[in-house]
Amino acid sequence: MNVLSILDTENPVFRGFLFYNSALVLKMLAMSSLTALQRFKNKAFANPEDAAMQGVKVRTDDNVERVRRAHLNDLENIPIYFVASFGYMLTNPSVTVALNLFRAFTAARFMHTFVYAVCVIPQPARGLSWGIGYFITGFMAFQTACHFLH
Amino acid sequence: MNVLSILDTENPVFRGFLFYNSALVLKMLAMSSLTALQRFKNKAFANPEDAAMQGVKVRTDDNVERVRRAHLNDLENIPIYFVASFGYMLTNPSVTVALNLFRAFTAARFMHTFVYAVCVIPQPARGLSWGIGYFITGFMAFQTACHFLH
Amino acid sequence: MNVLSILDTENPVFRGFLFYNSALVLKMLAMSSLTALQRFKNKAFANPEDAAMQGVKVRTDDNVERVRRAHLNDLENIPIYFVASFGYMLTNPSVTVALNLFRAFTAARFMHTFVYAVCVIPQPARGLSWGIGYFITGFMAFQTACHFLH
């Protein structure tokens, strides 16, 4: 099979892949703005030249560090999901299953950011939202590895 | 539409996508070498086994940390751009607009590294070069999400 | 040339690309579990809410930080390899060379994690395994940039 039938902009799985991945990119971009917001709000800068412009010294701040941990968690989890979901799409999965996995992953990562860095909600909210994304990525990578085993 | 007309190695947009993305990969590889260089120059290592080989203790150094912040900024911004520009390419954009966005993003990220970690230039040089990349990625992801909305 | 002959699920290079990249995704997922394991084992948490659940204060720990450095090294090296290897595949390389480069990169990154964060082995084990991956990514990105120069 060549991939023409899959990489077709009429194929709902490929459309979903492109749509939800763009939503995740926009969410990750928002993390940079959220960090900048917290840096200005708490006057906590990492670069001496930025601190000097605000008349303060370089320092760390718990609110800034929390947003940065949420951002780093995105960097650890989302780019590998892009690769896993691309491979999974080529294993010719059921349209319904694939689209719902894309939706669940995207929703879980938005939720993760919300409970981690926007409005801190007690565990297991963060662990659960992280875990959903983790297992979906793992499932997709495992399916892809089995399918293209050689 | 299937993607044959886009993912064609004669298509200037696809060629540009592959060329500029490779240039960005090479730039990111250079960050690792730049960090190593600063580590040896300032004898500031993160691992006890590396510090011991140079007869020093583990310590952090401002010059090393500056290069590492520039590298982390790449990790936050460039992989999501790869995904955004892939999706954007499939929205069938104008060849001129697409190629110039690829060029502008690539130039902005090279500039960002230069003013952040090679030769520190006062703000707004760093903010501007970061912002150009940020808005291009945001624009591409937004266009892709709108195009493949379902 | 359109990419149909390359992005074909019968093409051993494309199959290898999907298989080894999935293996690398699974390896990177394992880093999160390894970090969590070290956090619980050493009772060293980054979030006050997590530390409170275990009745300890937020603190850093050398074993946790070592796994996190190995993970960050993956984030610096593996996502750009995905992009470089995708472009390289489209330069129509020899099947044997391409597959062996995929294998060497994957083996080197598994080795890197092992000697860095699982069972610490003296240098040059870590430097060598990192370097193999670094030069393969650089080679692929350089080949791609030359091939699609415009």
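Small disclaimer: the values here were computed from a predicted structure and weren't measured.

Each value, and the rule that gives it
Residues numbered from 1 in each chain as written. Chains lettered and ligands numbered in written order. Predicted model: local features only at pLDDT ≥ 70, side-chain atom pairs only at ≥ 80, totals over all residues. Heavy atoms only, no water. Contact = heavy atoms within 4.5 Å. Buried area = accessible area lost by both parts, 1.4 Å probe. Salt bridge = Lys/Arg side-chain N within 4 Å of Asp/Glu carboxyl O. Polar contact = N/O pair within 3.5 Å; in protein donor to acceptor, adjacent residues only side chain to side chain. Helix = DSSP H or I, 4+ residues; strand = E, 2+ residues; numbered from the N terminus. Least-squares fit on C-alpha atoms with pLDDT ≥ 70 in both. Phe/Tyr/Trp six-rings, centres within 6.5 Å; stacked < 30°, edge-to-face > 60°. Buried < 20%, exposed > 50% of the residue type's maximum accessible area, 1.4 Å probe, protein only. Expected span 1.5 Å × (residues − 1). Bend = angle between axes of the 7 residues up to and from the residue. pLDDT = per-residue confidence, 0-100. Patch = residues over 30% accessible without salt bridge, like charges linked within 9 Å, V, L, I, M, F, W, Y side chains within 5 Å. Areas by Shrake-Rupley, 256 points an atom, 1.4 Å probe, with all protein chains shown as cover. Axes fitted to C-alpha atoms, helices over the stretch in contact; angles between N-to-C directions. Left-handed = near helix turned anticlockwise from the far one by under 90°. Nonpolar A, V, L, I, M, F, W, Y, C, P; charged D, E, K, R; others polar.

## A look at the interface of chain A and chain C
When the parts of a complex come together, some accessible area is lost, and that lost area is often used as the size of the interface. On the chain C side, the residues contacting the 32 residues of chain A number 32 residues. Taken over both partners, the interface formed by chain A and chain C buries close to 2800 Å², and the fraction arising from carbon and sulfur atoms is 69%. Summed over the shared surface of chain A and chain C, the result is 3 salt bridges. For the salt bridge of C:Glu49 with A:Arg126, the shortest nitrogen-to-oxygen distance reads 3.4 Å. At the junction of chain A with chain C, the criterion picks out 9 residue pairs in polar contact (both at pLDDT 80 or more). Contributing elements (two or more residues each) for the side of chain A that touches chain C: α3 (62–89) and α5 (125–147) of chain A.

## Re the interface of chain B and chain A
Taken together, the contacts link 32 residues of chain B with 32 residues of chain A. For the chain B and chain A pair, buried surface summed over both sides reaches about 2800 Å², with 69% attributable to carbon and sulfur atoms. On the surface where chain B and chain A come into contact, there are 3 salt bridges. With a shortest N-O distance of 2.8 Å, B:Arg66 and A:Glu49 are connected by a salt bridge. Along the contact surface separating chain B from chain A lie 9 residue pairs in polar contact (both at pLDDT 80 or more).

## Quick look at the relation of the copies chain A and chain C
Between the two copies, chain A and chain C, the superposition gives an RMSD of 0.0 Å; the rotation angle is 120° and the shift along the axis is 0.0 Å. The transformation just described matches what one would write down for a three-fold rotation axis. Distance from the rotation axis, computed per C-alpha, reaches its smallest value in chain A at A:Pro79: 4.0 Å. Interface residue correspondence from chain A to chain C reaches only 9%, placing this contact among heterologous pairings that use different surfaces.

## A look at the packing of aromatic side chains
Residue and element names in this part refer to chain C. Enumeration over the complete set of coordinates arrives at 30 aromatic pairs over all chains. Ring plane angle 80° and centroid distance 5.0 Å describe the contact between Phe-19 and Tyr-20, whose orientation is recorded as edge-to-face. On the basis of relative accessibility, which here comes to 16%, the residue Phe-19 falls in the buried class. On the basis of relative accessible area, Tyr-20 is assigned to the buried category, the value being 13%. Arranged with centres 3.6 Å apart and planes meeting at 5°, the rings of Tyr-81 and Phe-105 form a pair that is stacked.

## A few points about unusual backbone geometry
All names here are of chain C. One non-glycine residue with positive phi stands out, namely Lys-43, at about 50°. As for its position among the elements, Lys-43 is in the loop between α1 (12–42) and α2 (48–53). With phi around 60°, Asn-92 is a residue other than glycine that occupies positive phi space.

## Here we look at the side chain of A:Asn42
Residues and elements named next belong to chain A. Examined against the element boundaries, Asn-42 turns out to sit in helix α1 (residues 12–42). Taking relative accessible area as the criterion, Asn-42 reaches 17% and is therefore assigned buried. For Asn-42, the side chain forms a polar contact with the side chain of Gln-38, separated by 2.9 Å. Not counting the four nearest positions on each side in its chain, Asn-42 is found in contact with Arg-59, Asp-61, Asn-63 and Val-64.

## Observations concerning helix α3 (residues 62–89) of chain C
All names here are of chain C. If you check α3, its first and last C-alpha atoms are 40 Å apart, about what 28 residues at 1.5 Å a residue would give, namely 40 Å. Of all the bends found along α3, the most pronounced is centred on Leu-75 and spans about 25°, while Pro-79, a proline, follows it within four residues. Counting buried residues in α3 gives 21 out of 28 residues, a clear majority hidden from the surface. Two to three positions downstream of the cap, the backbone nitrogen of Asn-63 sits 2.8 Å from a side-chain oxygen, assigning the N-cap of α3 to Asp-61.

## Here we look at the confidence of the model for chain A
Here chain A shows a mean pLDDT of 92. Residues at 70 or above account for 98%. Interface confidence for the predicted complex, expressed as ipTM, amounts to 0.92; the pTM equals 0.94.

## Comments concerning α1(A)
Residues and elements named next belong to chain A. Taking 1.5 Å as the rise per residue, α1 with 31 residues should run 45 Å; its terminal C-alpha atoms sit 45 Å apart, in good agreement. With a side-chain oxygen lying 3.0 Å from the backbone nitrogen of Val-13, the N-terminal cap of α1 falls on Asn-11. Looking one or two residues beyond α1, the residue adopting positive phi is Lys-43, at roughly 45°.

## Points about a nonpolar patch on the surface
Residue and element names in this part refer to chain A. Among the surface-exposed residues, Phe-114, Val-118 and Ile-121 lie close enough to one another that they form a single nonpolar patch of about 250 Å² accessible area. Here Phe-114 shows up in helix α4 (residues 95–118). According to the relative accessible area criterion, Phe-114 is partly exposed, its value standing at 39%.

## Considerations on the packing of α3(A) against α5(A)
Residue and element names in this part refer to chain A. Contact pair α3 / α5: the axes reach a minimum separation of 8 Å and the direction vectors enclose 35°. Judged by the twist between their axes, the crossing of α3 over α5 is left-handed. Contacts between α3 and α5 involve Asn-73, Asn-77, Ile-80, Tyr-81, Ala-84, Ser-85, Gly-87 and Tyr-88 from the former and Trp-130, Tyr-134, Ile-136, Thr-137, Phe-139, Met-140, Ala-141, Gln-143 and Thr-144 from the latter. Class assignment for the residues of the contact of α3 with α5 results in 10 nonpolar, 7 polar and no charged.

## Description of the pattern of salt bridges
Residue and element names in this part refer to chain A. For the coordinates displayed, the defined rule picks out 21 salt bridges over all chains. Where Asp-74 meets Lys-27, a salt bridge forms, and the shortest distance between an N and an O atom there is 2.5 Å. Of this pair, Asp-74 sits in helix α3 while Lys-27 is found in helix α1, placing the two residues 47 residues apart along the sequence.

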